[in-house]
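For reference, the chains in residue letters:
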Amino acid sequence: MVVFAAAGFVMGQALARVPAVRDALGVDKAQLGLALMGMGLGSLLAMPFTGRLVDRLGSRRVVLVAVLVGCVGWGAVALAPSAPVLMATLVVTGVAVGIWDVAMNIQATHVEQQRDRSWMPYFHAGFSAGAVLGSGAGALLAWLGVGLVQLPALAALAAVAGVLGAARFVPETVGEEQDGPSSGRSTSTPGGEPVADPAAEQARPARRGLTGLEVLIGLVCLAAALAEGAANDWLALLLVDVQGAPEAFGALALTAFNLTMTVGRLAGGPTIDRFGRAAVVRAGGVLAATGILVVTLVPSTALALAGGLLWGLGVSTIFPAAMSAAGEVPGRGNRAITVVSTIAYGAFLFGAPTIGLLAELVGLDRALFLVVAFLLGMVALAPVMRDRRAGRDRRAGDDVRVRA
């Protein structure tokens, strides 16, 4: 959870200052969107190989390196003298962030399967809590008039936390060094009885090649990533440029968005256990789409802030739910998580530049209708998210409806 929080913190503190980065470079929205595309491009270059990398080295070692490189990259954003250099910096940062993201989700999936409960939303709540602290720090420093020197200073703090957290990871492969009580082969019940570790079996994929199921789960995750990324990239700028709010208020709205994401994810585990993933995804898609429409169509900063809260609440549990669903794809293990993450990060590749270009043509508020369309498509694909763990019988009716 500390590693998830460090990832959210270093990202949130940087994205909260997007208006300041834009002003320092003197670029328009389209140029900024193309530069931000570097993050998604770098992630997509690295993600397809992360599953094999983790199979070979273990998530602990992989995350340790990715944390250090990623935090250096986020800090270097403050030094970019032009949009092309910013894009190149974000490509390198995106490589590290993509590896960091997949590897920590693989570790989280193993922990979740050992505990046989929906823990993934809690880990992603850690990410959102970190983003709240990061964007909140960005808002405060923007209000105080502090420049972009903030970025490397706070990135260094995130690096320290991430390294300390990754050092305590549970080894998930037989070949990885055993530093703690977990062997990677078995776990135990609260009463101390040993039980089989499903994560150990998932770590050894029995099937090669893509399956249709993981592609569909990936599309659900892509829509969630697009909605989350659009808020991180454009919400602060939308309020500043379209609603006429001060920069500090834009950063504060992003902080509120991430705070709602945190609350939604803390409630997400019990909600998924009670109603099932498919029902949660349907409801979340409708809430997020409603929030975006309020932000873009209502000329009020107060209501725009409320819409941002709905936006965050709706999208909060979808990405972690997709990671859990990917970890349950039969015979695919770490590779399915890699595939789903890679598809999802396609949103960061095309999302920022597409919205940026549309913003130049029709305005930033209307450009966000693209995100609404993807969320409605996600609602239609919700049945692929049902639980597939052996012996699990959800009280919700999602599984029955899918089988029927």
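Quantities reported herein were computed from a predicted structural model and do not represent experimental measurements. Here the residue index of a chain counts from 1 through its sequence in written order. Predicted model: local features are reported for residues with pLDDT of at least 70 only, side-chain atom pairs are reported and counted for 80 or more only, and whole-chain, interface and lining totals are derived from all residues. Side-chain numbers here rest on the full set of heavy atoms in the structure, without hydrogens or water.

Caption draft 1: Region of interest: the overall build of the protein chain. Working definition: helices are DSSP H or I runs of at least four residues, strands are E runs of at least two. Numbering for both runs from the N terminus. Of the regular secondary structure elements, the protein chain holds 17 helices and 2 strands. In this scheme, a residue with accessible area under 20% of its type's maximum is buried, one over 50% is exposed, and one in between is partly exposed, where area comes from a 1.4 Å probe on protein chains only. For the protein chain, the residues scored as buried account for 58% of the 404 residues in total. Any pair of residues with heavy atoms lying within 4.5 Å of one another is described as a contacting pair. Considering only residue pairs separated by 6 or more positions, the protein chain has 83% of its internal contacts joining residues 24 or more positions apart. Working note: accessible area of the protein chain is about 15400 Å², and carbon and sulfur atoms make up 68% of it. Each accessible area is a Shrake-Rupley result for a 1.4 Å probe, and residues are judged covered by the shown protein chains and nothing else.

Caption draft 2: Summary view of helix α12 (residues 301–315). One fewer than the residue count of a helix, multiplied by 1.5 Å, yields its expected span. With 15 residues, α12 extends 21 Å between its outermost C-alpha atoms, agreeing within 8% with the 21 Å of an ideal straight helix rising 1.5 Å per residue. When α12 is considered as a whole, its buried residues turn out to be Ala304, Gly307, Gly308, Trp311, Gly312, Gly314 and Val315. One face of α12 carries all of its buried residues, which in axial projection span an arc of 165 degrees. The inward-facing, buried residues of α12 contact α9 (212–241), α10 (247–275), α11 (277–297) and α13 (318–327). It is the directions from the helix axis to the C-beta atoms that the arc portrays.

Caption draft 3: Representation of the packing of helix α1 (residues 2–15) against helix α6 (residues 120–143) within the structure. For helices, the fitted axis covers only the stretch in contact; all axes are lines through C-alpha atoms, and the angles between them, taken along N-to-C directions, range from 0 to 180 degrees. At a minimum axis distance of 6 Å, the contact between α1 and α6 shows a crossing angle of 30 degrees. In this structure, α1 crosses over α6, and the sense of that crossing is right-handed. Residues Phe4, Ala5, Ala7, Gly8, Phe9, Met11, Gly12 and Gln13 of α1 form the contact with α6, whose participating residues are Phe123, His124, Gly126, Phe127, Gly130, Ala131, Leu133, Gly134 and Ser135. Throughout, the ten residues Ala, Val, Leu, Ile, Met, Phe, Trp, Tyr, Cys and Pro are labelled nonpolar, Asp, Glu, Lys and Arg are labelled charged, and all others, Gly among them, are labelled polar. Of the residues belonging to the contact of α1 with α6, the class tally is 9 nonpolar, 8 polar and no charged. In a left-handed crossing the near helix is turned counterclockwise from the far helix by less than a right angle, and in a right-handed crossing that turn is clockwise.

Caption draft 4: Quick peek at the packing of aromatic side chains. Ring pairs shown here join Phe, Tyr and Trp side chains whose ring centres sit within 6.5 Å, with only the six-membered ring taken for Trp; geometry is labelled stacked below 30 degrees between planes, edge-to-face above 60, and tilted in between. One pass over the full model with this rule turns up 3 aromatic pairs. Positioned above the aromatic ring of phenylalanine 275 is the side chain of arginine 274, whose terminal nitrogen or guanidinium carbon lies 5.0 Å from the ring centre. Lysine NZ or arginine CZ positioned within 6 Å of the ring centre and within 35 degrees of the ring normal marks a charge as sitting over the ring.

Caption draft 5: Region of interest: a nonpolar patch on the surface. Residues forming no salt bridge and having over 30% relative accessible area are the ones grouped into patches, like charges within 9 Å of each other and nonpolar side chains (Val, Leu, Ile, Met, Phe, Trp, Tyr) within 5 Å. Salt bridge, as used here: a side-chain nitrogen of Lys or Arg that lies within 4 Å of a carboxyl oxygen of Asp or Glu. Residues Val65, Leu68, Val69 and Val92 make up a contiguous nonpolar surface patch of roughly 330 Å² in combined accessible area. Considering each element in turn, the nonpolar patch owes the most residues, 3 residues, to helix α4 (residues 59–76). Along the polypeptide, valine 69 turns up in helix α4.

Caption draft 6: Structural context of empty space enclosed by the protein. Within this scheme a cavity is a closed region of a 1 Å grid, computed over the protein atoms alone, that accommodates a 1.4 Å probe without allowing it to escape, whereas a pocket is open but has protein on both sides within 12 Å along at least five of seven lines; lining residues each have an atom within 4 Å of a point. Grid points are joined across faces, edges and corners, and a volume is the space filled by probe spheres set on the points. Counted under the stated rule, the structure contains 2 cavities of 30 Å³ or more. In this structure, the second largest cavity spans a volume of roughly 50 Å³. Lining the second largest cavity are 11 residues; nearest its centre among them are Gly229, Ala230, Asp233, Gly351 and Ala352. Of all the secondary-structure elements, those providing two or more residues to the lining of the second largest cavity are α9 and α14 (334–362). Considering each element in turn, the lining of the second largest cavity owes the most residues, 6 residues, to α9. Looking at side-chain class alone, the lining of the second largest cavity contains 8 nonpolar, 2 polar and 1 charged residues.

Caption draft 7: Structural view of the pattern of salt bridges. Applying the stated criterion to the full structure yields 5 salt bridges. The partner of aspartate 23 in a salt bridge is arginine 22, and the shortest N-O contact between them spans 2.8 Å. Arginine 277 is the partner of glutamate 328 in a salt bridge, and the nearest nitrogen-oxygen pair spans 2.6 Å. Highlighted residues: glutamate 328 in the loop between α13 and α14 and arginine 277 in helix α11, separated in sequence by 51 residues. Residue class for arginine 277 comes out buried when judged on its relative accessible area of 4%.

Caption draft 8: Structural detail: the packing of α1 against α4. Running from N to C, α1 and α4 point in directions that differ by 15 degrees, and their axes come no closer than 10 Å. Between α1 and α4, the angle falls in the class roughly parallel. The crossing of α1 and α4 is left-handed. Across from Val3, Val10, Met11 and Ala14 in α1, the residues of α4 making contact are Val63, Cys71 and Trp74. Of the residues belonging to the contact of α1 with α4, the class tally is 7 nonpolar, no polar and no charged. Oblique is the label for every angle not falling under 35 degrees (roughly parallel), over 145 degrees (roughly antiparallel), or within 65 to 115 degrees (roughly perpendicular).

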